[in-house]
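Spelled out from the first residue to the last, the chains are:
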Amino acid sequence: MVLPIVTYGHPTLRRKGARVEEITPEIRQLIADMLETMKDAAGVGLAAQQVDQALQLTVIDVSEVTDRPSTLEVNGQSVPPEQAMPMVLINPEITPEEEPEPGPEGCLSFPEIYIEITRPKATTVRATNLDGEPIEFRCGGLLSRAIQHEFDHLQGILFIDRMSSVDRERLRPELEDMQAATKAALKKAGKIS
Ligand code: ZN
């Protein structure tokens, strides 16, 4: 089932996710729905917070992106990234590596907003997969950027928190409008007072 994606201003986007202690049928269903939602929205990643669930859970799929390469290494061996897609990362821990570089980013919770964000080039990732098995890999390029972006979501951190002060000033009216529209819609639906 395609789930509604919450937009900036929704309080769940600022909540740190709880650890997933057990992969229950409900968690499996949520993961299936998140994969479907990400595909439907043509996104490269989706965090549980974006579908109103504050959990340490994210899905990633960079296989449709051809103009921004990704690299993936498992046990020191290079693996074609598309073979590992879509990725389900439960309780991920990441170690960003190498020098930071700027790159364009969007976010499904911020429609129409694209910002240059500077992040370390590579990432080592430890997580649990859909089968409850521990996984570890190192990645670069778009995959590294996407995972760092999604990992931030799981902590309640948003990409706008990492934008330059110039972008912050430039986007302030647009972001304030988006936040206000989200809150107004939630209020109307009786979800916040
Ligand atoms: Zn995002």
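Everything that follows concerns the structure shown earlier in this document.
Note that this is a predicted model, so its numbers are computed, not measured.

Chemist: Can you walk me through the overall build of the protein in this structure?
Modeler: In terms of helices and strands, the protein carries three helices and seven strands. Scanning the protein from its N terminus toward the C terminus, one meets helices and strands in the order α-β-β-β-β-β-β-β-α-α. What you see for the protein is a C-alpha radius of gyration of 16 Å, in line with the 16 Å of a compact globule of 193 residues. Dimensions of the protein along its principal axes, counting C-alpha atoms only, are 50 × 45 × 25 Å. Relative to its full complement of 193 residues, the protein shows a buried share of 45%. By sequence separation, contacts in the protein at least 24 residues apart represent 70% of the contacts at least 6 residues apart. Taken as a whole, the protein presents about 10200 Å² of accessible surface, with 51% of it coming from carbon and sulfur.

Chemist: Help me understand the coordination of the zinc ion, please; the structure alone is not making it clear to me.
Modeler: Each angle at a metal carrying four tetrahedral donors should ideally be 109.5 degrees, and each at a metal carrying six octahedral donors should ideally be 90 or 180 degrees. At the metal site, the zinc ion is ligated by C107 (SG), H149 (NE2) and H153 (NE2), and these contacts range over 2.0 to 2.2 Å. Positions of the donor residues of the zinc ion, expressed as sequence spacing, correspond to C-x41-H-x3-H. A residue pair is termed long-range when its members are at least 10 positions apart, and C107 in the loop between β5 (87-105) and β6 (115-128) and H153 in helix α2 (residues 141-154) qualify at 46 residues. We note that C107, like H153, is buried.

Chemist: Explanation requested: helix α3 (residues 165-188) in the structure shown.
Modeler: In an α-helix, one turn spans 3.6 residues; hence positions three or four apart end up facing the same way. Its 24 residues place the ends of α3 33 Å apart at the C-alpha level, agreeing with the 34 Å of an ideal helix rising 1.5 Å per residue. If you look at α3, its biggest bend is around 55°, right at L171, and the proline P173 turns up within four residues after that. What α3 keeps buried is the set D167, L171, L175, M178, T182 and L186. At its buried positions, α3 is contacted by β6. At the C-terminal side of α3, G190 shows a positive phi close to 75°.

Rules and cut-offs
Residues numbered from 1 in each chain as written. Predicted model: local features only at pLDDT ≥ 70, side-chain atom pairs only at ≥ 80, totals over all residues. Heavy atoms only, no water. Helix = DSSP H or I, 4+ residues; strand = E, 2+ residues; numbered from the N terminus. Rg over C-alpha atoms; globule rule 2.2 N^0.38 Å. Buried < 20%, exposed > 50% of the residue type's maximum accessible area, 1.4 Å probe, protein only. Contact = heavy atoms within 4.5 Å. Areas by Shrake-Rupley, 256 points an atom, 1.4 Å probe, with all protein chains shown as cover. Donors = N, O, S within 2.8 Å, 3.2 Å for Na, K, Ca; no water. Expected span 1.5 Å × (residues − 1). Bend = angle between axes of the 7 residues up to and from the residue.

Functional significance is not addressed by these values, which are geometric in nature.
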